[in-house]
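# Structural characterization, general
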Amino acid sequence: MRKKSPTSSGRIFKESGLRLKFRRRREASLPPASDARQMALVEEILENAETVHEDAFLAFTGDKRFIFSDSGESFLMFGVRGRAWIALGSPVGRIDEAEELEAKFISMSRHGRAWSSFYAVDRLGADRLNRHGFVSEKVGERAIIDLTQFSISGKGKKDLRNARNQAVKAGCTFNVIPRETNEGIINQLKPVSDAWLGMRGGIEKQFSLGRFDPAYLRRFHLAIAYRGELPVAFANIWTHRNLVTLDLMRFRDEDPGGGMDYLFTEIALWAQAQGFREFDLGLAPLAGLKEQEHPSTVARLGAYIYARGGRFYGFEGLRAFKNKFDPIWEPAFICAYNRWRIAASAIAVASLTGGGIRKILRV
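Note that the structure is a prediction, hence the values are computed from the model and not measured. Counting restarts for each chain: residues are numbered from 1 in the order of the written sequence. Totals for whole chains, interfaces and linings use all residues, but because this is a predicted model, local features are given only for residues with pLDDT of at least 70 and pairs of side-chain atoms are given and counted only at 80 or more. The side-chain numbers reported here are obtained from all heavy atoms of the structure, hydrogens and water having been left aside.

## Some remarks on helix 5 (residues 158–169)
In an α-helix, one turn spans 3.6 residues, which is why side chains three or four residues apart end up on the same side. As a reminder, the rule being used: Put simply, DSSP marks the helices as runs of H or I at least four residues long and the strands as runs of E at least two long, and each gets a number from the N terminus on. A helix is expected to reach a length of 1.5 Å times the quantity of its residues less one. Only protein chains enter the accessibility calculation, which uses a 1.4 Å probe; a residue is then buried when its area is under 20% of its type maximum, exposed when over 50%, and partly exposed in between. For this quantity, the arc is that covered by the directions from the helix axis to the C-beta atoms. In what follows, a contact means two residues having at least one pair of non-hydrogen atoms within 4.5 Å.
Helix length check: helix 5, at 12 residues, gives a terminal C-alpha distance of 16 Å against a target of 16 Å (1.5 Å per residue), a fit within 8%. Buried within helix 5 we find Leu160, Ala163 and Ala167. All buried residues of helix 5 lie within an arc of 65° about the axis, which places them on one face of the element. Every exposed residue of helix 5 that faces more than 90 degrees away from the buried side is listed here: Val168 and Lys169. Those residues of helix 5 that are buried lie in contact with strand 6 (172–177) and helix 8 (260–273).

## Section: the packing of helix 5 against helix 8
The line we're drawing: Every axis in this analysis is a line fitted to C-alpha atoms, fitted for helices over the stretch in contact. Angles between the N-to-C directions lie between 0 and 180 degrees. Here roughly perpendicular refers to angles of 65 to 115 degrees, roughly parallel to angles under 35, roughly antiparallel to angles over 145, and oblique to all remaining angles. Under this grouping Gly is polar, as are all residues other than the nonpolar Ala, Val, Leu, Ile, Met, Phe, Trp, Tyr, Cys and Pro and the charged Asp, Glu, Lys and Arg.
It is the contact of helix 5 with helix 8, at a shortest axis distance of 9 Å, that shows an interaxial angle of 100°. As summarised for this structure, helix 5 and helix 8 are arranged roughly perpendicular, according to the angle between their axes. Seen from helix 5, the contacting residues are Leu160, Ala163, Arg164 and Ala167; seen from helix 8, they are Asp261, Tyr262, Thr265, Glu266 and Leu269. In terms of residue class, the contact of helix 5 with helix 8 is built from five nonpolar, one polar and three charged.

## Some thoughts on the pattern of salt bridges
This is how it is decided: What counts as a salt bridge is simple: a side-chain nitrogen of Lys or Arg found within 4 Å of a carboxyl oxygen of Asp or Glu.
In total, this model carries 21 salt bridges according to the counting rule given. A salt bridge links Arg94 to Asp96; its shortest N-O distance comes to 3.0 Å. Across the pair Glu99 and Arg131 runs a salt bridge whose closest N-O atoms are separated by 3.3 Å. Of this pair, Glu99 sits in helix 3 (residues 98–111) while Arg131 sits in the loop between helix 4 (123–130) and strand 5 (135–146), and the two are 32 residues apart along the sequence. Here the salt bridges do not stand alone but share partners, grouping Glu54, Asp55, Arg142 and Asp280 into one network.

## What to know about the confidence of the model for the chain
Stated formally: Note: pLDDT gives the predictor's confidence per residue, expressed from 0 to 100.
For the chain, mean pLDDT is 84; residues scoring 70 or higher make up 80% of the total. Residue range residues 303–314 is modelled with pLDDT below 50. Its contacts to residues more than four positions away, or to other chains, number 31 contacts.

## Thoughts on the pairing of strand 11 (residues 328–336)
Note the threshold: What makes two strands pair is DSSP finding at least two bridges between them.
In the sheet, strand 4 (residues 115–121) pairs with strand 11 via three bridges, with the strands oriented antiparallel. What sits directly across from Tyr119, in strand 11, is Ile334.

## Looking at the nonpolar core
Note the threshold: In these notes, a set of buried Ala, Val, Leu, Ile, Met, Phe, Trp, Tyr and Cys residues joined through side-chain atoms within 4.5 Å is what counts as a nonpolar core.
Counting residues in hydrophobic clusters, the biggest one holds 47 residues, and the most contacted among them are Phe75 and Tyr119. In contact with Phe75, not counting residues within four places along its chain, are Val42, Ile45, Leu46, Ala59, Phe66, Ile67, Phe68, Pro91, Val92 and Leu101. Of all hydrophobic cores here, the second largest spans 35 residues; its members include Leu160, Cys172, Val176 and Ile267.

## Some remarks on unusual backbone geometry
If you check the backbone angles, Arg113 has positive phi at about 60° while not being a glycine. Its location among the elements puts Arg113 in the loop between helix 3 and strand 4. Since its relative accessible area comes to 39%, Arg113 is described here as partly exposed. For Asp326, which is not glycine, the phi torsion reads 50° and is therefore positive. Structurally, Asp326 can be placed in the loop between helix 11 (315–323) and strand 11.

## As for helix 8
When the terminal C-alpha atoms of helix 8 are compared, their 20 Å separation across 14 residues agrees well with the 20 Å that a helix rising 1.5 Å per residue should span. Of the residues one or two after helix 8, Gly275 is the one with positive phi, at around 95°.

## Quick look at the packing of aromatic side chains
So the rule is basically this: Any two of the Phe, Tyr and Trp rings considered here, Trp counted by its six-membered ring, make a pair once their centres fall within 6.5 Å; the pair's planes then place it as stacked at under 30 degrees, edge-to-face at over 60, or tilted in between.
Tallied over the entire structure, the rule returns 18 aromatic pairs. Both rings, one in Phe57 and one in Phe220, keep their centres 5.8 Å apart while their planes meet at 85°; by these two values the pair is edge-to-face. Placement of Phe57 in the loop between helix 2 (36–48) and strand 1 (65–68) and of Phe220 in the loop between helix 7 (214–217) and strand 7 (221–227) is noted, with a sequence separation of 163 residues between them. Both residues of the pair, Phe57 and Phe220, count as buried. Centroid distance Phe105 to Phe118: 5.4 Å. Interplanar angle 80°. Geometry classified as edge-to-face. Taken together, the residues Phe105 in helix 3 and Phe118 in strand 4 connect sequence positions 13 residues apart. By relative accessible area, which is 0% here, Phe118 ends up buried. By the ring-pair criterion, three or more aromatic residues cluster together here, those being Phe78, Trp85, Phe105, Phe118, Phe134 and Tyr337.

## Some details on the side chain of Asp247
Filter applied, for reference: In this charge count, Lys and Arg are treated as positive and Asp and Glu as negative; neither His nor the chain ends contribute. Polar contact criterion, stated in full: a pair of N or O atoms within 3.5 Å, where within protein one must be able to donate a hydrogen and the other to accept it, and residues adjacent in sequence count only if both atoms are side-chain atoms.
Counting through the fold element by element, Asp247 comes out in strand 9 (residues 243–251). Nearest to the buried, unbridged Asp247 among oppositely charged side chains is Arg250, at 7.4 Å. Here the side chain of Asp247 touches Tyr216 through a polar contact of 2.7 Å, side chain to side chain. With residues up to four places along the chain from it excluded, the contact list for Asp247 reads Phe57, Leu58, Leu209, Gly210, Arg211, Tyr216 and Asn236.

Below, the structure is given as structure tokens:
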């Protein structure tokens with residue numbers, strides 16, 4: 001066996017020391033993990049925000065770190081995986097503070113010998129990040145229902161009407177429980193969540209998705225479909241001004257009223273009756289990548305995962321389901337300093353969320 005020379009050993013020791021030094025520097029540069037004081041400020045900012053993005057409610061999952069503006073009226077949330085700092089969406093709060101917070105986030109990551117990126121930002125956010133020298137890559141499409149035009153009448157909505165009629169005949173009802181009074185119902189929904197998880201490997205996600213957690217769900221209205229007196233499907237609802245959006249979408253079975261068609265139709269009709277103008281059905285990850293005119297390597301990989309990942313994540317089925325509601329499809333982007341960082345960011349997001357790209361590719 002070849003022995004290491006003293007010079008080689010010294011180099012290895014020096015490199016290990018540098019890695020330790022840089023890791024400590026990264027850790028020292030990180031804002032503290034979220035606490036009750038920060039969460040109270042986040043809630044206040046969300047209530048008064050001039051600008052929010054559709055995933056802003058994910059600030060409440062408890063797995064994010066926050067950077068606040070000097071005024072305390074805006075925040076940016078992010079997760080950390082190794083040297084990657086991944087912001088989820090654009091800043092929330094005052095419109096005139098968005099660029100300030102993005103620059104602050106980028107500067108802090110550099111100081112900590114880390115690198116930054118932004119996941120699931122809209123076109124406006126991507127254009128703004130271009131001014132910081134970032135490049136952007138489409139990472140999926142978000143489905144938005146225009147509630148001012150929504151109707152379940154007409155030939156194109158036949159499937160929704162049929163699902164709704166079958167649910168009503170099966171004794172299904174729908175109700176929205178306000179967040180102020182939902183605590184007593186949350187435990188009744190756990191069997192629904194457990195059944196849904198059982199059909200999908202039994203693993204809760206995080207970062208870019210919420211999870212079944214009573215502390216988290218207490219912050220939302222709960223939309224529930226019942227068959228008789230038994231809850232069979234539910235979703236948590238977050239509202240902000242003219243926007244309605246949701247996160248968890250869980251059901252017990254595919255019998256009438258137990259799937260998503262009835263639940264989503266009722267939520268859309270409820271939101272329309274309440275005077276909301278937009279209903280965000282959420283991001284369809286990796287959707288629309290293969291239709292790009294000049295897809296990059298990252299886009300081609302995403303399209304491959306989209307085609308291959310159906311059994312595990314149901315990407316294609318998710319988009320087909322949302323298409324039933326005739327939504328407006330808006331692009332979402334991932335942004336970083338170069339294409340390689342974008343690819344690394346996509347892997348970091350998969351790791352933060354749970355499952356990971358390698359697991360999808362084995363499907």
